[in-house]
Amino acid sequence: MSDQTDMDRAWEELRTPPGLVAQYFGGQIVMQANPTALHDMIIRNATRQDYPGVEAWGERGIDLGPDGKPRPDLVYIAPEDIDLTARDWPTPLLQAVAEVVSPSSARDDWHTKRDLYARHGIPVYVVIDPRDATWQVFVLVEGLYAHKSDGVFGQTITADLPAGTVSIDTRQWQPYPKSERAAGT
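Basis of the calculations
Residues numbered from 1 in each chain as written. Predicted model: local features only at pLDDT ≥ 70, side-chain atom pairs only at ≥ 80, totals over all residues. Heavy atoms only, no water. Core = buried A, V, L, I, M, F, W, Y, C linked by side-chain atoms within 4.5 Å. Buried < 20%, exposed > 50% of the residue type's maximum accessible area, 1.4 Å probe, protein only. Helix = DSSP H or I, 4+ residues; strand = E, 2+ residues; numbered from the N terminus. Expected span 1.5 Å × (residues − 1). Bend = angle between axes of the 7 residues up to and from the residue. Pairing = 2+ DSSP bridges. Axes fitted to C-alpha atoms, helices over the stretch in contact; angles between N-to-C directions. Contact = heavy atoms within 4.5 Å.

S.K.: Is there a simple way to think about the nonpolar core in this case?
M.R.: Soluble globular proteins tend to bury their nonpolar side chains together. Of all hydrophobic cores here, the largest spans 26 residues; its most connected members are Tyr51, Tyr76, Ile128, Leu161 and Trp173. Listed by contribution, the elements that provide at least two residues to this core are helix H2 (37-47), strand E6 (74-77), strand E8 (94-100), strand E9 (124-129), strand E10 (134-141), strand E12 (157-161) and strand E13 (164-168). By residue number, the principal contributor to this core is H2, which donates four residues. Ranked by size, the runner-up nonpolar core spans 19 residues in total, among them Val97, Trp110, Ala118 and Tyr145.

S.K.: How should helix H3 (residues 106-119) be read in this particular structure?
M.R.: The periodicity of an α-helix, 3.6 residues per turn, causes residues three or four positions apart to be oriented the same way. With 14 residues, H3 ought to run about 20 Å at 1.5 Å a step, and its terminal C-alpha atoms sit 19 Å apart, in line with that. Taken as a whole, H3 carries its principal kink of about 35° at lysine 113. Listed in full, the buried residues belonging to H3 are Ala106, Asp108, Asp109, Trp110, Lys113, Leu116, Tyr117 and Ala118. Where H3 terminates, the next one or two residues include glycine 121, which has phi positive at roughly 75°.

S.K.: Looking at this model, I keep getting lost on the sheet that holds E10. Mind explaining?
M.R.: One open sheet holds the six strands; their spatial order is E3-E6-E8-E9-E10-E11, and the pairing between them is mixed. Two strands in the sheet have a free side with no partner beyond their single neighbour: strand E3 (55-58) and strand E11 (144-152). Going from strand to strand, the sheet's axes swing by 20° on average, the running direction of each strand aside. For E10 and E11, the ladder comprises eight bridges, and the chain directions are antiparallel. Looking across to E11, one finds that valine 141 is bridged to leucine 144. Taken strand by strand, H2 contacts E3, E6, E8 and E9, and its axis lies near 155° from that of E3. Together, E8, E9, E10 and E11 form the strand contacts of H3, whose direction differs from that of E9 by roughly 165°.

Laid out in structure tokens, this is it:
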């Protein structure tokens, strides 16, 4: 039995203890404490907005093949590509993914996941960082993410997806309290 098959089986059989969330990416299963309500409020707000040609889904599993099955905080997908029977959506269907940085996951969100998502051809990656109330948009250029734009909470995020341009309203987003802003990128 290969290590990959063993990891896939372990992931499928994993029972996460209460109060923890798990993701499988980069050859490892990562468990963390549930995020704060402020973290989840950003996801909730973004999924409730209307976008032309795409829908935003929160905490949707995606399939990176041998690189795992992470659950980005936000996944943007065309309505006609949504498979309601799939546990994890294949990356060729995705228009964009976004991660809301938690102090404990900053390195993964800014580096590990960004590299994985680029390797799997996801056209747009958005990093939302409540530690300093900022956001950045990256676009795929020759297999790597290139910085496209950045701003602060209150400014509209504009992202050019394959299905068209979307605008994400950030006026209701809030930064983490100063006591929760630790951890570097």
